[in-house]
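Survey of secondary and tertiary structure
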Amino acid sequence: MTTAKIPGAGPAGRILVVGGHGAVGTVVVRALDAWFPGRVLPAGRDEARARRTGGVRVDVGDPDGFRRLLDRGGVALVVLCVEPRDATVARLCLERGVGLVDVGATARLLDGVTALGETAGRAGAPAVLSVGVAPGLTNLLARRVHEAVGGADRVDLTLLLGAGERHGADALRWTVEGLATPVPGRPARVGLPDHGTRTAHPFPFSDQYTLPGTLGVPDVTTRLCLDSRPLNAALFALRRGGRARPAARPGVRRLLRDVMGRVHVGGDAFAVRADAWRGERHAGLVLGGRAQSRVTGLVAAHVARAVLDGAVPAGVRHIEEVAALTGLPDRLAAEGAVSLRTVTSGAPRPAGSAR
Ligand SMILES: NC(=O)c1ccc[n+]([C@@H]2O[C@H](COP(=O)([O-])OP(=O)(O)OC[C@H]3O[C@@H](n4cnc5c(N)ncnc54)[C@H](OP(=O)(O)O)[C@@H]3O)[C@@H](O)[C@H]2O)c1
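Not measured: the values here are computed from a predicted model.

Our focus in this paragraph is a nonpolar patch on the surface. Among the surface-exposed residues, Leu 231, Leu 255, Val 259, Val 263 and Val 265 lie close enough to one another that they form a single nonpolar patch of about 390 Å² accessible area. Along the chain, the position of Val 265 falls in the loop between α11 (250-262) and β11 (269-278). You can call Val 265 partly exposed: its relative accessible area is 37%.

What follows deals with the pairing of strand β13 (residues 315-318). By the alternation rule, side chains of β13 split into Gly 315 and Arg 317 and Val 316 and His 318, which are all buried. Sheet topology places strand β6 (residues 126-129) next to β13; four bridges connect them, and they run parallel. In the sheet register, Ala 127 faces β13, and the bridge partner there is Val 316.

A separate point is the sheet that holds strand β12 (residues 281-290). Backbone-to-backbone hydrogen bonds pair the strands of a sheet. The strands run either parallel or antiparallel. A sheet is described by the order of its strands in space; here eight strands give the open sequence β14-β12-β11-β7-β10-β9-β8-β15, paired in mixed fashion. Of all strands in the sheet, those bounded by a partner on one side alone are β14 (338-343) and β15 (349-350). Here eight bridges tie strand β7 (residues 154-161) to strand β10 (residues 219-226), and the two strands are oriented parallel to one another. Looking at β10, one finds that Leu 159 is bridged to Leu 224. Where helix α7 (residues 133-148) meets the sheet, it contacts β7, β11, β12 and β14, and its direction lies at approximately 30° from that of β11.

Moving on to the UniProt feature "domain: Saccharopine dehydrogenase NADP binding" (unreviewed entry) in the protein chain. Look at the UniProt record and you will see "domain: Saccharopine dehydrogenase NADP binding" (unreviewed entry) annotated at residues 15-127. With 43% helix and 20% strand, residues 15-127 has end C-alpha atoms that lie 14 Å from one another.

Right, let's talk about the sheet that holds strand β5 (residues 99-102) for a bit. With parallel pairing, seven strands are arranged side by side in an open sheet as β3-β2-β1-β4-β5-β6-β13. In this open sheet, the two edge strands, each paired with only one partner strand, are β3 (56-57) and β13. Where strand β2 (residues 40-44) lies against β3, two bridges are found, and the strand directions are parallel. Its bridge partner being in β3, Gly 44 is matched across the sheet by Arg 57. Across the sheet, helix α4 (residues 88-95) lies against β4 (75-80), β5, β6 and β13, angled at about 150° from β5, the strand it touches most. Relative to β13, helix α5 (residues 107-114) is tilted by about 150°, and along the sheet it contacts β5, β6 and β13.

Cut-offs applied
- Note on numbering: residues in each chain are counted from 1, in written sequence order.
- Owing to the predicted nature of the model, reporting of local features is limited to residues with pLDDT of at least 70; listing and counting of side-chain atom pairs is limited to 80 or more, with chain, interface and lining totals taken over all residues.
- To obtain the side-chain values, all non-hydrogen atoms of the structure were included, while hydrogens and water were left out.
- Residues enter patches when their relative accessible area tops 30% and they take part in no salt bridge; the joining distance is 9 Å for like charges and 5 Å for the nonpolar side chains Val, Leu, Ile, Met, Phe, Trp and Tyr.
- Accessible areas in this description were obtained via Shrake-Rupley with a 1.4 Å probe; residue shielding takes into account the shown protein chains only.
- We count a salt bridge whenever a side-chain nitrogen from Lys or Arg sits within 4 Å of a carboxyl oxygen from Asp or Glu.
- Every helix listed is a DSSP run of H or I at least four residues long, and every strand listed is a run of E at least two residues long, numbered separately from the N terminus.
- Here's how the labels work: a residue is buried when its accessible area is under 20% of the maximum for its type, exposed when over 50%, partly exposed in between, all with a 1.4 Å probe on protein chains only.
- Criterion used throughout: strands pair if DSSP finds at least two bridges between them.
- Any pair of residues with heavy atoms lying within 4.5 Å of one another is described as a contacting pair.
- Orientation is described by lines fitted to C-alpha atoms, with helices fitted over the stretch in contact, and by angles between N-to-C directions that extend from 0 to 180 degrees.
- UniProt positions are given in the numbering used here, feature names are shortened, and annotations may be inferred rather than shown by experiment.

As structure tokens, then:
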């Protein structure tokens, strides 16, 4: 495996943060600007804002414009803090030897980027996927608990989100669309230190689809709950009723996005719990923090730094496959951004089960 510094990553290589004015992107820009002064270019569709922040106008829905920007040269790394419709933007980066860090959470899109592994390898470009909280820290914790039981046959991941946080519009869109996506599995009662026992619902985070491939764990489920119990119950009630469920109606989802963007009930704390089983053996870890958008941005900034420092080999990898990043939860804990503890009780029990 080659661990070369990426092409263009010299002192002049720029770091293009697409979505750099959003809830996640502003954190990425601030952190990277402190580590790599003068190299960060925030980017988004709003030309005036891009000009004000010393960035550039970019629309990931316009591949020709994106290609022209890259062909001007000088970009060493693209940090994607918005989800494009497909893998075209990733391909344009990787075939030019430009590194990629992707905070996207949609399995179908991440699979499209994973398929570019050979292109990235040929061009010497490193790409890291599953970057953020979920996917991201969930993947890293899953790897830890999987190893702690000596190779898990089942991993359960639980994410609690603070409904009081001002989540970005793109993240809200993703979450509301997730409500309409059918996901196998059942709700579970999960103990979350500082938050009590919660009912968490299967949700289409990409980690549960990619971890079976990267860790070899056959059975992975990711569940979501909100810190506000009434809101959690109301939101997931929209999923009931099969085809006629309210969450399947675009009008209902539009309304939900609007309401969730304006009304903030509860706090901004979040928690991630990972449980692994190998027969009767169990290992559990809980990570907690405030403001998941900020922590997602910090994770993305650390990953970008590892790429620019030459610590990530060429090719496409999920975060848990990069040796240099396995200690990231501890680094964030040491920086005071999150807390991390092992747990032995309160493991997920499917709702209604006496187990
Ligand atoms: N992995 C994780 O744990 C995790 C956690 C949170 C969020 N996310 C993902 O991170 C992404 C950003 O979330 P966020 O909360 O920061 O959302 P946000 O606040 O809405 O930020 C998105 C930014 O992208 C820009 N943008 C939107 N469409 C664009 C396009 N077509 N081309 C270029 N720029 C575009 C927007 O600025 P303009 O309007 O100026 O274009 C905006 O500043 C989402 O895809 C979300 O799913 C992942």
